[in-house]
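Listed below are the residues making up each chain.
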Amino acid sequence: MRDPYVAAMKGVLHTMCPGAQIEDLSHEIGPQDILEAALFWAASVPYFPPGTIHVGVVDPGVGTGRRPIVLQVDDQVLVCPDNGMVGLLLHCDDTAECRVISHPSCRRENVSATFHGRDIFAPTAARLAAGFPFEEVGEAIDDYERLELPAPTLREDGVLVGTVIHVDRFGNAVTNVHNGALNGRVVQSVHAAELPALPMRHTYGEVDAGEALALVGSAGYLEIAVNQGNAAETFNLTPGSPVEISFA
Amino acid sequence: MRDPYVAAMKGVLHTMCPGAQIEDLSHEIGPQDILEAALFWAASVPYFPPGTIHVGVVDPGVGTGRRPIVLQVDDQVLVCPDNGMVGLLLHCDDTAECRVISHPSCRRENVSATFHGRDIFAPTAARLAAGFPFEEVGEAIDDYERLELPAPTLREDGVLVGTVIHVDRFGNAVTNVHNGALNGRVVQSVHAAELPALPMRHTYGEVDAGEALALVGSAGYLEIAVNQGNAAETFNLTPGSPVEISFA
Amino acid sequence: MRDPYVAAMKGVLHTMCPGAQIEDLSHEIGPQDILEAALFWAASVPYFPPGTIHVGVVDPGVGTGRRPIVLQVDDQVLVCPDNGMVGLLLHCDDTAECRVISHPSCRRENVSATFHGRDIFAPTAARLAAGFPFEEVGEAIDDYERLELPAPTLREDGVLVGTVIHVDRFGNAVTNVHNGALNGRVVQSVHAAELPALPMRHTYGEVDAGEALALVGSAGYLEIAVNQGNAAETFNLTPGSPVEISFA
């Protein structure tokens, strides 16, 4: 929020939909980091009341051919560029409906080549919030971008191999191993980097302060953490670091 | 706000208390830094309208035995883990009332072991905001955690010795010496690190740009600052650095 | 927002104007950076609905003789210290009206020497939002601070020489060369630092990922960028770096 971009979008939202209630969700997704945006939405969108309109502007392709879209997934509405940032929300809903934003009332009079957040996405969200019908935003499409999250693989020796996909502010290294992929099997230990085998626990405080552990985090993914410490810094874990899970 | 944790809490708040007005106060308290959280609340809570509900989730003990609590202090309501983060608000109010959160309607259906902000604290705040009676949240307790702020000491030679307890974003080094501890005595000079004796002033602009000074900050604590500069960086002051105050 | 300053202001706003709708615009303007604040306001204020009240507290002179002011520019109201931070909004409006804040109801009972955001600016904004007449805030003045933005100069050989004035979060280096200063001439190339001549484009994605370009950004200023990269870091561009524009 050092820059005026978010403020300009809020101004447009209030101008085009007086009385709208706006919540800041994140302005710190890494520049051009579509995967991070997708993980963010997957872990936050489902908690909002039906009909909430979410605006996402991670938009490396602004001003090029990439399409601006609206999506209805479950009971939530998403407004964003067609680049896959909605991808991790889609597996829960086969009935998602997507439209390309094209109605003239869904854009400002002069659309810049570099800031569609202000000129297209905020106006569209404002119109929808003010009651403009989803069906009139533009043509329905089915070939919008999905997102391939790297899947964990099962090795011949029975070890499940995943990777770190996100490091949170506390230094917890979140992996691509979803709780569901464990299939209810009992995890014996988790290996990452040159770490000794880590115990699987339910929460941070079950090991001593400064000790490392593995656990299933609040969004359902296996993560590596240090109780009251920073696992990613301590063990040099970054997105892409491999993680191995052994079962009992 | 890089992570989806705050967004998920906002979703829960809006879902369980439609129409709630939410303000972001801080999402940058240091991980597990209970003292910083306590100082933050002490300097902000008293300015809010009666009945405001404050949610605080600095929660190193999440999922362990530490209790989730609600507190009524003066005319404000606080929802947080029982770890002392309310401590610096309590000296103003002997009538504070504390309850352990236990009513089933004050939690989400499935409570995770690692994110009570989303699963207990936000739901409780939403219920209270929607009119749920404070008395029904859970059992009243009296043995909740207080916080021991290190107190300044008076040396035999009459010098008051305190410590830096917080460095703000401007680099001002805030100490544990409250205005009240000066007892109205006239400060002659303030010493810290290898600094020359600093003059006591009322505001930054009373010394030249780049010059150091001591003053009583807006929350009532003595601080060391540099006019239009960063005192903490310049003089390597960090929480724990000793500060000596000489009286006239 | 690590510090309690913003939270205290929000508390005062809600206390003095119940029901006020507050939006966070930025809490990351560099300490004492009046030019950055002015650029921020110039690129965001015009997008808000008529009658919006903007509060800005970049205030190195707090507690000294600098005056607290309110300004009506076009249909927006600004509340801030008289230090030039409104400067870049003024060229669009000769009818701007400025008043010094002096009415007793526009301040808290005890005004500190170091935090007029909480004690004067937030109270004034709250009063105005609650219907207090602009004309009664205080005496009208005309000698409030303007701001001299360094202007680009035209060299004898026809090259326009500007400077970088801001680096945004994406690493784009924004210059003081406004679209208007190009006078519709066709830019042949842009030079900065030891960079080869950069092509002028309309948007980032018109060059390959990792390639540098020049373009007119969404606020109308020429900027130097790298598609999906960080131009300022890559080329060591900082405020003050010279930029040369050659015309066809």
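Reference entry: report on the structure contained in this document. (Residues numbered from 1 in each chain as written. Chains lettered and ligands numbered in written order. Predicted model: local features only at pLDDT ≥ 70, side-chain atom pairs only at ≥ 80, totals over all residues. Heavy atoms only, no water.)

Take the relation of the copies chain B and chain A next. Take chain B, turn it by 120 degrees, move it 0.0 Å along the axis, and it overlays chain A with an RMSD of 0.0 Å. In the structure described here, the two chain copies are related by an operation that fits a three-fold rotation axis. (Least-squares fit on C-alpha atoms with pLDDT ≥ 70 in both.)

A separate point is helix α1 (residues 5-16) of chain C. Here α1(C) spans 17 Å end to end across 12 residues, near enough to the 16 Å set by a 1.5 Å rise per residue. Here α1(C) lies mainly inside the structure; 10 of its 12 residues are buried. Turning to α1(C), its buried residues are C:V6, C:A7, C:A8, C:M9, C:K10, C:G11, C:V12, C:L13, C:H14 and C:M16. Buried residues along α1(C) sit against α2 (34-42) of chain B together with β1 (53-55) and α3 (116-129) of chain C. (Helix = DSSP H or I, 4+ residues; strand = E, 2+ residues; numbered from the N terminus. Expected span 1.5 Å × (residues − 1). Buried < 20%, exposed > 50% of the residue type's maximum accessible area, 1.4 Å probe, protein only. Contact = heavy atoms within 4.5 Å.)

Turning our attention to the interface of chain A and chain C. Reports of interface size often rely on the accessible area that becomes lost once the parts have come together. The partner chain C presents 29 residues to the 33 residues of chain A that form the contact. With both sides pooled, the region where chain A packs onto chain C buries about 2,600 Å², and carbon together with sulfur makes up 53% of that total. Considering only the side of chain A, the residues that lose the most area to chain C are A:M1, A:R2 and A:T114, jointly responsible for 25% of the buried surface there. For the interface between chain A and chain C, the tally reads 1 salt bridge. Residues A:K10 and C:E23 are paired through a salt bridge, measuring 3.8 Å at the closest nitrogen-oxygen approach. Per-element tally for the side of chain A that touches chain C: the top contributor is helix α1 (residues 5-16) of chain A, with 8 residues. Of the residues belonging to the side of chain A that touches chain C, the class tally is 14 nonpolar, 12 polar and 7 charged. (Buried area = accessible area lost by both parts, 1.4 Å probe. Salt bridge = Lys/Arg side-chain N within 4 Å of Asp/Glu carboxyl O. Nonpolar A, V, L, I, M, F, W, Y, C, P; charged D, E, K, R; others polar.)

With that settled, consider the sheet that holds strand β4 (residues 97-100) of chain C. As a general point, the strands of a sheet are linked pairwise by backbone hydrogen bonds and lie either parallel or antiparallel. Spatial strand order, β1-β3-β2-β4-β5 (chain C): 5 strands in an open sheet with mixed pairing. With one partner strand each, in any of the chains shown, β1 and β5 (140-141) of chain C form the two edges of the open sheet. (Pairing = 2+ DSSP bridges.)

Its rotation angle being 120 degrees, the transformation that places chain A on chain C also includes 0.0 Å of axial translation and leaves an RMSD of 0.0 Å. The overlap is low: 12% of the interface residues of chain A also sit at the interface in chain C, so different surfaces are used on the two sides.

Another aspect to go through is unusual backbone geometry. Phi is positive for A:N236, close to 55 degrees, though the residue is something other than glycine. Inspection of the secondary structure assignment puts A:N236 in the loop between α4 (231-235) and β13 (242-247).

Here we come to the interface of chain B and chain A. Listed by partner, the interface residues are 33 residues for chain B and 30 residues for chain A. For the pair chain B and chain A, the two sides together bury roughly 2,700 Å², of which 53% comes from carbon and sulfur. Of all residues in chain B, the largest losses of buried area upon contact with chain A belong to B:M1, B:R2 and B:T114, amounting jointly to 25% of the total for that side. Our enumeration of links across chain B and chain A arrives at 1 salt bridge. Seen at the junction of chain B and chain A, the total is 15 residue pairs in polar contact (both at pLDDT 80 or more). Here the side of chain B that touches chain A takes 8 residues from helix α1 (residues 5-16) of chain B, the largest share from any one element. Along the lines of polarity and charge, the residues of the side of chain B that touches chain A split into 14 nonpolar, 12 polar and 7 charged. (Polar contact = N/O pair within 3.5 Å; in protein donor to acceptor, adjacent residues only side chain to side chain.)

Think of an α-helix as 3.6 residues a turn; residues three or four steps apart then line up on the same face. α2(B) sits mainly inside the fold: 7 of its 9 residues count as buried. Burial in α2(B) covers these residues: B:I34, B:E36, B:A37, B:A38, B:L39, B:F40 and B:W41. At its buried positions, α2(B) is contacted by β1 (53-55), β3 (76-81) and β7 (160-167) of chain B together with α1 of chain C.

This brings us to the pattern of salt bridges. For the structure on display, the rule yields 30 salt bridges over all chains. The salt bridge partner of B:R67 is B:D82, with a shortest N-O separation of 3.0 Å. On the criterion of sequence distance, the pair formed by B:R67 in the loop between β1 and β2 (68-73) and B:D82 in the loop between β3 and β4 (97-100) is long-range, its members being 15 residues apart. A network of salt bridges, in which partner residues are shared, links A:K10, A:D24 and C:E23.

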